[in-house]
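Residue-level listing of the chains:
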Amino acid sequence: MIDLDTMTVLIVDDMKSMRRTIRNMFKQLNLGSLIRHAENGREGWKVLKSIPVDLAVIDWNMPVMNGIELLGKIRENRDLRDMPVIMITAESERDIVVEVAESEIDAYLLKPLTMKALDSKVRAIVHSANNPDAVAISLKKARDLEEQGNIPGSIEQIREALRERPNASRILRKMAELHIKINKDIIAEKCFKKAVAINKNDAVTRCMLSEFYRSRGDLENAGSYLLDSLSISSRAVSQAMELGDELLKKGRPLQAYQILEKAIEKSPDTAASKEKTLSIYLENTNYMNAKTLLEGMLVSQPKRYDLIFKLGMVYEKIGMVEKALAMFKKTDAKTEDNIEAKLYIARIYFNLKKTYAADDVIRDILEIDPTHEEALELRRKNT
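Values in this document were obtained by computation on a predicted structure and should not be read as measured data.

### Some thoughts on the side chain of Asn199
Tracing the backbone shows Asn199 in the loop between helix H9 (185-198) and helix H10 (203-215). In this structure Asn199 comes out as buried when scored by relative accessible area, which is 17%. Within the local environment of Asn199, its side chain forms a polar contact with the backbone nitrogen of Asn201, the two atoms lying 2.9 Å apart.

### As for the nonpolar core
Counting 73 residues, the largest nonpolar core has Ile158, Ile171, Leu226, Leu243, Leu278 and Phe328 as its most contacted members. The biggest single contributor to this core is helix H18 (residues 339-351), with 8 residues. Beyond its immediate chain neighbours, meaning those up to four positions away, Ile158 contacts Leu139, Ala142, Ile171, Lys174, Met175 and Leu178. Among the nonpolar cores identified, the runner-up in size contains 22 residues, and Ile2, Val9, Ile35 and Leu118 belong to it.

### Regarding the packing of H18 against helix H20 (residues 373-382)
Contact pair H18 / H20: the axes reach a minimum separation of 11 Å and the direction vectors enclose 20°. For the element pair H18 / H20, the angle class is roughly parallel. Relative to H20, the crossing made by H18 is left-handed. Contacts between H18 and H20 pair Leu343, Ala346, Arg347 and Phe350 from the former with Glu374, Ala375, Leu378, Lys381 and Asn382 from the latter. Across the contact of H18 with H20, the residue classes break down as 5 nonpolar, 1 polar and 3 charged.

Criteria and thresholds
Sequence order as written defines the numbering, with residues in each chain counted from 1. Given that the model is predicted, a residue must reach a pLDDT of at least 70 before its local features are reported, and side-chain atom pairs must reach 80 or more before they are shown or counted; all residues, however, enter totals for whole chains, interfaces and linings. Working from all heavy atoms in the structure, the side-chain values ignore hydrogens and water. Secondary structure elements are defined from DSSP: runs of H or I of at least 4 residues count as helices, runs of E of at least 2 residues count as strands, and each element is numbered from the N terminus. The classification of residues rests on relative accessible area computed with a 1.4 Å probe and restricted to protein chains. Under 20% of the type maximum is buried, over 50% is exposed, and intermediate values are partly exposed. Polar contact is the term for a pair of N or O atoms within 3.5 Å; when the atoms are in protein, one must be able to donate a hydrogen and the other to accept it, and sequence-neighboring residues count only if both atoms are side-chain atoms. To qualify as a nonpolar core, a set must consist of buried Ala, Val, Leu, Ile, Met, Phe, Trp, Tyr and Cys residues joined through side-chain atoms within 4.5 Å. The contact criterion used throughout is that any non-hydrogen atoms of two residues lie within 4.5 Å. Only the contacting stretch of a helix is used when fitting its axis, a line to C-alpha atoms as for every element, and angles between N-to-C directions run 0 to 180 degrees. The scheme is simple: roughly parallel for angles under 35 degrees, roughly antiparallel for over 145, roughly perpendicular for 65 to 115, oblique for anything else. Two helices that cross are described as forming a left-handed crossing if the nearer one is turned anticlockwise from the farther one by less than a right angle, and a right-handed crossing if clockwise. Each residue is assigned to one of three groups, with Ala, Val, Leu, Ile, Met, Phe, Trp, Tyr, Cys and Pro labelled nonpolar, Asp, Glu, Lys and Arg labelled charged, and all others, Gly among them, labelled polar.

Below, the structure written as structure tokens:
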């Protein structure tokens, strides 16, 4: 049982002023006797592992470890998983609203916070924790039975929960997971599909259904459900990168392109997602898409000579030799002793039968590395 007056509260927020504001609100509301602070999810996790905490108030958007990542660690830990959690978010962060029903968040509050809203949420979730309803009791029994290896018993408890709440997509999703464990894929698929039909904002189940189809070799459905998930939430960005890579390897470039481009659009770190997508395109020799992506990246990063060099390689691969030569020359002019760029320039000149120009570049390479085998071979061919 959690006592509102004596409970221990953990506030996790990267802004010191927000931590202080929330702490003062708890004090003025006479809620809790011990308030602890942490500036990000990683530090919050250290606190949770060091002292008993009754309630956590966690910011959604933090560096190092964000709120959803911390929540995931809490729910995976047997000692902490039933602790009530309130998530704090800015109104503009639509993803949190989508995640609330599908993640193990007990409540969320929008910034700017008010005393009234905080008081109401805290009292409501503490009351729910102290007085679980029939659904919560069934779900906890199901979890315990699953951990004991009693899957049929766990399924029966999930059925009990569904009798109380037949349109709860999260419970249907759990039913699907349990049926996968006993190799009843047809029932699992039906449960997943019912969950997504009921809840248009259930990004989690769409991710899981995508993975379900992917593991069974149905990449078309896997891609379709992952695209649906990405249209709702950014949670599937990493999964999308993996599926995009697989789709390219399996000869489905159009679907791969759609998923990878959507992943970039939804990613909280657009630059990193572009870099990853570029690597996927290059590894799978998808040069036309790599060209488009590189040209776009260089508009905002015109001095990224590593990207200019890669664009030169892509241009060469697709037969745009003059443009390739221009990229390699630009790289060579701006990076010191870049033998790789010089080699590409020498090869192009050699293939264009521009003997003197090729020889000048080969000489530059050999001044840097007199034993460079390819340069020496090119010299022999060029004479």
